[in-house]
Amino acid sequence: MSLNSIRPWRDIYRRKSRQIMVGNVPVGGDAPIAVQTMTNTLTTDVAATIAQVQAAAEAGADIVRVSVPDQASSKALKEIVMESPVPIVADIHFHYKRGIEAAEAGAACLRINPGNIGDKTRVAEVVSAARDHGCSIRIGVNAGSLEKHLLEKYGEPCPDAMVESGLEHIRILQDHDFHEFKISVKASDVFMSAAAYQQLAEATDAPLHLGITEAGGLMSGTIKSAIGLGNLLWMGIGDTIRVSLSADPVEEVKVGFEILKSLGLRHRGVNIISCPSCARQGFDVIKTVEALEKRLEHIKTPMSLSIIGCVVNGPGEALMTDVGFTGGGAGSGMVYLAGKQSHKMGNDAMIDHIVEQVEKKAAELDAMAETAE
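These figures come from a predicted structure and were not determined experimentally.

S.K.: Would you mind showing me how to read the sheet that holds strand β12 (residues 303–308) here?
M.R.: One open sheet holds the five strands; their spatial order is β11-β12-β13-β14-β15, and the pairing between them is mixed. In the strand order of this sheet, the two ends are held by β11 (270–274) and β15 (340–346), each with one partner. Each strand axis lies, on average, 20 degrees off the axis of its neighbour in the sheet, ignoring direction. The pairing of strand β13 (residues 323–327) with strand β14 (residues 332–337) spans five bridges and is classified as antiparallel. Counterpart to Val323 in the pairing with β14 is Leu337.

S.K.: What am I meant to see in the packing of helix α2 (residues 71–83) against helix α3 (residues 96–105) here?
M.R.: Angle between the axes and distance between the axes are the two parameters that describe a pair of packed helices. Their axes nearest at 8 Å, the elements α2 and α3 cross at an angle of 20 degrees. Classified by the interaxial angle, the pair formed by α2 and α3 is roughly parallel. Two packed elements cross with a definite hand, and for α2 against α3 that hand is right-handed. For the pair α2 and α3, contact is made by Gln71, Ser74, Leu77, Lys78 and Val81 and by Arg98, Glu101, Ala102 and Ala105, respectively. Of the residues belonging to the contact of α2 with α3, the class tally is four nonpolar, two polar and three charged.

S.K.: What exactly am I supposed to notice about the pairing of strand β6 (residues 109–112) here?
M.R.: The two faces of the sheet receive side chains in turn, since in a regular strand these alternate between them. Here β6 shows two buried faces, one formed by Cys109 and Arg111 and the other by Leu110 and Ile112. Pairing of strand β5 (residues 88–91) with β6, which is carried by three bridges, proceeds in the parallel orientation. Looking across to β6, one finds that Ala90 is bridged to Leu110. Read as a crossover between parallel neighbours, the route from β5 over α3 to β6 is right-handed. Bridging between β6 and strand β7 (residues 136–142) involves four bridges; their strand directions are parallel. By the bridge assignment, Leu110 is partnered in β7 with Ile137.

S.K.: Would you take a moment to explain the environment of Thr240 for this structure?
M.R.: Mapped onto the fold, Thr240 is located in strand β10 (residues 240–242). Between the C-alpha atom of Thr240 and that of Pro157, which follows or precedes it by 83 residues, the distance is 24 Å. Residues contacting Thr240, with those up to four places away along its chain left out, are Val27, Ile33, Ala34, Gln36, Lys182, Leu208, His209 and Leu210. At 3.1 Å, the side chain of Thr240 and the backbone oxygen of Ala34 are in polar contact. One polar contact links Thr240 to Gln36, side chain to side chain, over a distance of 2.8 Å.

Definitions and limits used
- Residues numbered from 1 in each chain as written.
- Predicted model: local features only at pLDDT ≥ 70, side-chain atom pairs only at ≥ 80, totals over all residues.
- Heavy atoms only, no water.
- Pairing = 2+ DSSP bridges.
- Helix = DSSP H or I, 4+ residues; strand = E, 2+ residues; numbered from the N terminus.
- Axes fitted to C-alpha atoms, helices over the stretch in contact; angles between N-to-C directions.
- Parallel < 35°, antiparallel > 145°, perpendicular 65-115°, else oblique.
- Left-handed = near helix turned anticlockwise from the far one by under 90°.
- Contact = heavy atoms within 4.5 Å.
- Nonpolar A, V, L, I, M, F, W, Y, C, P; charged D, E, K, R; others polar.
- Buried < 20%, exposed > 50% of the residue type's maximum accessible area, 1.4 Å probe, protein only.
- Right-handed = clockwise from strand over helix to strand, strands pointing away.
- Polar contact = N/O pair within 3.5 Å; in protein donor to acceptor, adjacent residues only side chain to side chain.

This is the structure:
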């Protein structure tokens, strides 16, 4: 990042990590922070799993993880990988043969804990399969499944125990001269996760996969993830993220992107700036924003839209957005384009008109981007 930023209070200096590849997606280094999610269908239900992968990819997921608990799932994985528009991570626990089968099936990455898939011989077989098939590995440390000797040493799950576990797993891979790995140290406790990631960021240059595990439902999980991941990302820590919600995987992707967009780390789709509404509003702000969020989901072009109920803050917010609408009187409001007043529009037709203006602006921005290339 430039040291001559015109808004230094917005600068985020990312931790320097080495870069690996998850399929065709670079992770770490100066690559964009990747957004991940995980399917919750039965992997053996190939059609349902592929549909969920495609929906997540359409929402913006860069990488999708799929659980591989048995041999039937390993067989299904091959077809899923072939149909997937994004790299697939195979989630492996305990059964080392599933890791080998997943690598052979074309998984871009294996999510494993080297310490829980068996003795050194079995670990060597999995690492060999990953190397032979161009497959990276994610070491996944979880506060809920720490090794017995670490729980005895520390008395309970804690950041020190999680980091020690992660570094032990790193050594296992490095002993096999395998370095194409990233690592996560997740906990459902925001404080524990944040502290563990901060320690780990100092102890290794491996790419870090961020997550607050088992964060909860859509509302509570979003808040916990925004606090935990947001603070780490603001500190420059994190190369890829997964928001863990008891909700549709598409919602995880949306929340992940919103967290990154709020910090200026990724830009995708329409960023709607809207007021909470009050008695001054010249139209129903809440219903209007709800409608626009749905109507504008198809826009992938990074751009901004302000929807403000009255003229107190409306004109000022519109100065900073591509398209804006500010409520006025007599059933109409003012449309702003590129920060300037453009024309009045009646409230009854405003939603359709705003969608039209956003789509037009998105097309202009896309054309400009193509010309620049």
